[in-house]
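Observations on chain architecture
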Amino acid sequence: MSRRERWLWTLLALAVAASRLLGLGDRAFSHDESLHGFYSYQLATRGIYQHDPMMHGPLQFHLNALVFRLVGASDTTARLTAAVAGIGAVLLLLAFRPLLGRRGAFLAATLAALSPSLAFYSRYMRNESYVAFACLLWSLGAFRYLASRRRADLGWMVLGMGIAFAAKEVAFLFGATIGLFFLTLAVVRARRGGEPFVGGAAGNVALVNAVLVAPFFGALLHLPFGWSTVAFDDPAAPGRALVTSGSLALVALAVGLLLARGRSRGRPQDEGPAPGLSASTLTGLALGFWSALALLFTTLGSNAPRGLVSGFVGSLGYWLAQHGVQRGSQPVYYYLLLVVLYELLPLGAALLAVPQAWRRLGRRGGAAVPAADLPPTAPNDAGAFAMRRAWLAFLLWWSGAGLVLYSLAGERMPWLTVHIVLPWLLTGGWGLARAFAAWRERVVWRAALIGAVALAALATAAASARLLYRDADLATEMLVYAHGTPDLHRVADAIAARAATKGPGERVVVAHDGATSWPLLWYLRDTDHRYLTHEVAAADLAGVDLLLLSPDASRKAWPLVARDFEELELLQLWWPVEGYREPSRLATREGWQAAWSYWLTRRLPGVEVGPHWPLRQEMRLLVRRAGAARGPLPTLAVPVLPLEIWRDPATDRPRENGAAPVAVAADAAGRVLVGDLLTHELLRFDRALRPLAADAVKGGVSAAAIAPGEGGTAAVVDAETGLARLFDAAGRELARWGEAEGQQGARPTGLVRQGDGFALSDAAGSRICFLTARLEPRGACVPLEFAPEALAAGAADLLVADATGRRVVRLRDGRVTAAWPFPGWEGVPAVGRPGLAELGPFVLATDPGGHRLVVFTAAGEVVATLEPRDRDDNLLWKRPEGLAVDRTGGRLLLADRDGGKLYALPLPRLEAELASLASSTR
């Protein structure tokens, strides 16, 4: 190697090492990384690991356990072996100089260094960089053997095979690719008389590949017998695996030995032993390959015989079954899309190489690599010439077969892009070197090629830098999936902060549910973490420092934790926006603009990166407050009376079809108004709940909010039309709001009487509008920074439900004067619109998803809940929504939409309970 080459390769090695290692632990763990990291840590600290093909091969678990034992566990060290393998995959291309030429090998390595997919997954705790390195070593050993016939080169090939099969089951796809190629090559050479089919170099490579892989196809023999290929713990599984995989191993080795011995016997005695492959060589390679894998599959023997079943039967059997599952459900053009976004440089370089390769393969003379571009030590005899021609044909075959195989496979995930692009890097490096050499005298063409490659390289480097550093843990990048968010580091920080308060030997205690297990278990590895298999109960909170819950579980547990824990809303996982699933959108101008914006900036118009990302999984972190534990919220003991107002007037019996009350209101005279979404009726009752008007708005309005007006009128928010409508006592419509200019497209959600007019909340416009008694605008609407979902009139102000922000807001003259959290409002308004009411010094709010009524002080401190149950101890309210204080009737009215009932709570009893509770907590 010349001094110039050494400098170039040294600089490239330093650049690759920096790109793979700098900031390696900055990105939060993803879902799959947490699985790999947690079980590697279990192996390192407890010696526990069982191979499961769902998490792919055992190699990375053993390597990472070794790293954890040596230097400790962290986000950085967990990714260290993948990074080293990624660096090794690039630098291994130095050994490809006899195949690609000096310039071709260096250009291929440069393309590999720049490749966004290879770079990103070299910084990711997955198997892709191991497999990339292994496939390169596998192919290098095979083609070196074509020229040398040396047993050592077969050994390098088998080492690459072993790493690949111990790392990930995509080894089967590459094995099929290279195995079929060498089988075909052996047939072609035999027909042309160049070498015998049995005993020739190409036939030997195909034979070794077939013999070594044979036991894994035992899964196919399970199928005719109806045996499961994934029942690893079945007592009968080891015996079945011995019958299928064991038999295949013996038969394959026996056939291989017969072929090897037959070849040796056919040689004259004076020619010496047959080069390359003998019976002893084949036996040694097979036994070494199977033994090494058996040790890894069984965790060095501690997981036998289960690991033998999961390894030799389950590796292929599990993933054949997953083909029909099609996890991710990506379209068949998925990888082409990723290539256009990230890998245009290797694609363009590979396409440039195709016509050159075809021309060279079509010639009888001329080597695939000119002699001047070969390293001085490279063999340049007839065997080496044939090897390089075969290598060129293999590159074309591998480049096309990879894209086809992965596109047709049932599971399409972004990390598999690495295996599609890998052969393009080699083909592209060879093609660029040939193009630069061929256009040496064509100054203009050569300059244009250099300029185009330089621009493409700069764009690819910028895409890699953005992917590796700026957007490393953002779902704006499509090369990731089920990605952990930066909020995971907030959990790690909270654990560290709590650990700092502990004494020697004390551990942070964390309770978590199943929804938050992954990827959080990695960050809980050094805590006393307790898995909650059920809804949170008071007993589960004893001694717990932190809680990690899904939003739904947090809502249910809120009365238990409201006084002792502080809740933080965090994003756990997020996924890229998948607008590409509808390619017809590219037929529109907006679709092209969105696609162009994403290609240039990785941002979509109108999609904001943040807590409301479209495809996300949220979680709640609850941190115990300092001080003495106060325990769960008190539960009010107030009678809850169902009011049977839905009756058939002909029979005076309860209506058979039920009801769906959403809104309820009461005026100063004691009249009660109820909106029924089932029959689209606005119902009116007197103080004794007798119907006031039999024909009052029958089937014509879906009242989601009601406000009594003057002279028996009633204003309603119509959920069907998106209008506010005013009716008289006889049910005639008097006025509308929502059709005039500036009102169209509104989504009214709340309506209350205020003075001699009304106040209306508009969620679509994020505003409060003030109207006259005839629903005419009274001044400009007041803008809000949130979408109001419910409205109630206080003594001197308005109460507003900010359901998205999960808080109650108090407004006065359009200004926010107070706000307090309401963690129970998870999923509102999808689970139902909450109701609000003010009762003296207390604020009452319904929690539709939590099936409860919650009481706050006027200052926003949560005081108590009411969660009535039926005779079978089931929650009585199915979806409590509307709420109204009926002073004249002496009751609090609550509309249970899914329960189909209207309930009354006696005000004297309720106020007495609250007064007693307030005095006892002073």
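Placed above this text is the structure.
The paragraphs below set out a description of the structure included in this document.

Calculation notes
Residues numbered from 1 in each chain as written. Predicted model: local features only at pLDDT ≥ 70, side-chain atom pairs only at ≥ 80, totals over all residues. Heavy atoms only, no water. Axes fitted to C-alpha atoms, helices over the stretch in contact; angles between N-to-C directions. Helix = DSSP H or I, 4+ residues; strand = E, 2+ residues; numbered from the N terminus. Left-handed = near helix turned anticlockwise from the far one by under 90°. Contact = heavy atoms within 4.5 Å. Nonpolar A, V, L, I, M, F, W, Y, C, P; charged D, E, K, R; others polar. 1 Å grid on protein atoms, 1.4 Å probe; cavity = no way out; pocket = protein on both sides within 12 Å on 5 of 7 lines; lining within 4 Å. Points joined across faces, edges and corners; volume = space filled by probe spheres on them. Expected span 1.5 Å × (residues − 1). Buried < 20%, exposed > 50% of the residue type's maximum accessible area, 1.4 Å probe, protein only. Phe/Tyr/Trp six-rings, centres within 6.5 Å; stacked < 30°, edge-to-face > 60°. Pairing = 2+ DSSP bridges. Parallel < 35°, antiparallel > 145°, perpendicular 65-115°, else oblique. Disulfide = S-S within 2.5 Å. Salt bridge = Lys/Arg side-chain N within 4 Å of Asp/Glu carboxyl O.

**Topic: the packing of helix H11 (residues 171-192) against helix H12 (residues 201-213)**
At a minimum axis distance of 8 Å, the contact between H11 and H12 shows a crossing angle of 145°. Where H11 crosses over H12, the handedness of that crossing is left-handed. Residues Phe172, Ile178, Gly179, Phe182, Leu183, Leu185, Ala186 and Arg189 of H11 pack against Ala202, Gly203, Val205, Ala206, Asn209 and Val213 of H12. Among the residues forming the contact of H11 with H12, the class breakdown is 10 nonpolar, three polar and one charged.

**Considerations on the layout of surface pockets**
One number sums up the size of the largest pocket: a volume of about 860 Å³. In this structure, the largest pocket is lined by 34 residues; those nearest its centre are His56, Trp319, Arg327, Glu411 and Leu416. Contributions of two or more residues to the lining of the largest pocket are made by helix H2 (31-46), H11, helix H17 (314-325) and helix H20 (382-408). In terms of residues, the lining of the largest pocket owes the most to one element, H17, which gives six residues.

**Remarks on H11**
Its 22 residues give H11 an end-to-end C-alpha distance of 31 Å, which sits within 8% of 32 Å, the value for a rise of 1.5 Å per residue. Among all positions of H11, only Ala171, Phe172, Phe174, Gly175, Thr177, Ile178, Gly179, Phe181, Phe182, Leu185, Ala186 and Arg189 are buried. Summarising the contacts, the buried residues of H11 are in contact with helix H9 (128-148), helix H10 (151-167), H12, H17 and H20. Following H11 by one or two positions, Gly193 has its phi on the positive side, about 80°.

**Remarks on the packing of aromatic side chains**
The full count for this structure, using the stated rule, is 46 aromatic pairs. Between Trp138 and Phe174, the aromatic rings sit 5.0 Å apart at their centres with planes inclined by 75°, giving edge-to-face as the arrangement. Of this pair, Trp138 sits in helix H9 while Phe174 is found in helix H11, placing the two residues 36 residues apart along the sequence. Both residues of the pair, Trp138 and Phe174, count as buried. Summarising the aromatic geometry, the rings of Trp391 and Phe394 are spaced 6.0 Å apart at their centres and angled 40° between planes, so their arrangement reads as tilted. Linking Trp391 with Phe394, this pair stays in helix H20, spanning three residues, or about one helical turn. For the residue pair Trp391 and Phe394, the accessibility class agrees, reading buried in each case.

**Thoughts on the sheet that holds strand S10 (residues 661-666)**
The antiparallel open sheet is built from three strands, whose spatial order is S10-S11-S12. Lying at the two open borders of the sheet, with one neighbouring strand each, are S10 and strand S12 (681-685). Put simply, the sheet's adjacent strands are angled 20° from each other on average, direction ignored. Relative to S12, strand S11 (residues 672-676) is paired through five bridges, and the arrangement is antiparallel. Opposite Gly675, over in S12, you have Leu682 as the bridge partner.

**Section: the packing of H11 against H20**
The contact between H11 and H20 brings their axes to 10 Å, and the two run at 140°. When the axis of H11 is compared with that of H20, the two are oblique. Judged by the twist between their axes, the crossing of H11 over H20 is right-handed. Contacts between H11 and H20 involve Leu173, Phe174, Thr177, Ile178, Phe181, Leu185 and Arg189 from the first element and Ala386, Met387, Ala390, Ala393, Phe394, Trp397, Trp398, Ala401, Leu405 and Tyr406 from the second.

**What to know about the state of the cysteines**
Here a disulfide denotes a covalent bond joining the sulfur atom of one cysteine to the sulfur atom of another. Counting across every chain of the model gives one disulfide. In this model, Cys769 is linked to Cys781 through a disulfide, with the two sulfur atoms separated by 2.0 Å. The sign of the 105° torsion about the S-S bond sets the Cys769-Cys781 disulfide as right-handed. Of this pair, Cys769 sits in strand S19 (residues 767-771) while Cys781 sits in the loop between S19 and strand S20 (782-783), and the two are 12 residues apart along the sequence. Judged by its relative accessible area of 1%, Cys769 falls in the buried class. We classify Cys781 as partly exposed; its relative accessible area is 28%.

**A closer look at the sheet that holds strand S6 (residues 616-624)**
Across the sheet, six strands lie side by side as S1-S5-S6-S4-S2-S3; this open sheet has mixed pairing. A strand with exactly one partner marks an edge of an open sheet, and here the two such strands are strand S1 (483-484) and strand S3 (528-532). Examined bridge by bridge, strand S2 (residues 509-513) and S3 share five bridges and lie parallel to one another. When the sheet's bridge partners are listed, His512 is paired in S3 with Tyr531. Sheet strands in contact with helix H23 (residues 487-499) are S1, strand S4 (546-549), strand S5 (565-574) and S6, and its direction is about 140° off that of S5.

**Description of the side chain of His56**
Relative to the elements of secondary structure, His56 occurs in the loop between H2 and helix H3 (59-71). We classify His56 as buried; its relative accessible area is 8%. If we ignore the near neighbours within four places in the chain, the residues touching His56 are His51, Arg126, Asn127, Ala167, Lys168, Glu169 and Trp319.

**Re the pattern of salt bridges**
It is possible for side chains bearing opposite charge to pair when their charged atoms get close. What the rule picks out here adds up to 60 salt bridges. Ionic pairing is found between Lys556 and Asp552, a salt bridge with its closest N-O pair at 3.2 Å. Pair noted here: Lys556 and Asp552 are both in helix H25 (residues 551-561), with a separation of four residues, about one helical turn. Of the residues examined, Lys556 reaches a relative accessible area of 38% and is grouped as partly exposed. Residue Arg891 is joined to Asp886 by a salt bridge in which the shortest nitrogen-to-oxygen separation is 2.8 Å. Here Arg891 falls in the buried class, since its relative accessible area comes to 12%. On the accessibility criterion, Asp886 (1% relative accessible area) is buried. In this structure, a network of salt bridges that share partners links the residues Glu567, Glu569, Arg616, Glu618, Arg620, Arg806 and Glu826.

**Brief notes about empty space enclosed by the protein**
For the structure shown, the criterion picks out four cavities of 30 Å³ or more. Space inside the largest cavity adds up to approximately 110 Å³. Cys135, Phe174, Trp398, Tyr406 and His419 are, among the 13 residues lining the largest cavity, the residues nearest its centre. Those elements that provide at least two residues to the lining of the largest cavity are H9, H11, H20 and helix H21 (417-438). Looking at the lining of the largest cavity residue by residue, the classes come out as 10 nonpolar, three polar and no charged. Computed from the structure, the second largest cavity encloses a volume of approximately 50 Å³. Lining of the second largest cavity is provided by Ala475, Thr476, Met478, Pro576, Val577, Tyr598, Arg602, Arg603, Leu604 and Trp613. For the lining of the second largest cavity, the class distribution of residues is seven nonpolar, one polar and two charged.

**Some details on the pairing of S4**
Neither face of S4 is open: one carries Leu546 and Leu548, the other Leu547 and Leu549, and all of them are buried. Alignment of S2 against S4, held across three bridges, turns out to be parallel. Looking across to S4, one finds that His512 is bridged to Leu548. Summarising the sheet, S4 and S6 pair through four bridges and their orientation is antiparallel. If you follow Leu547 over to S6, its bridge partner there is Leu622.

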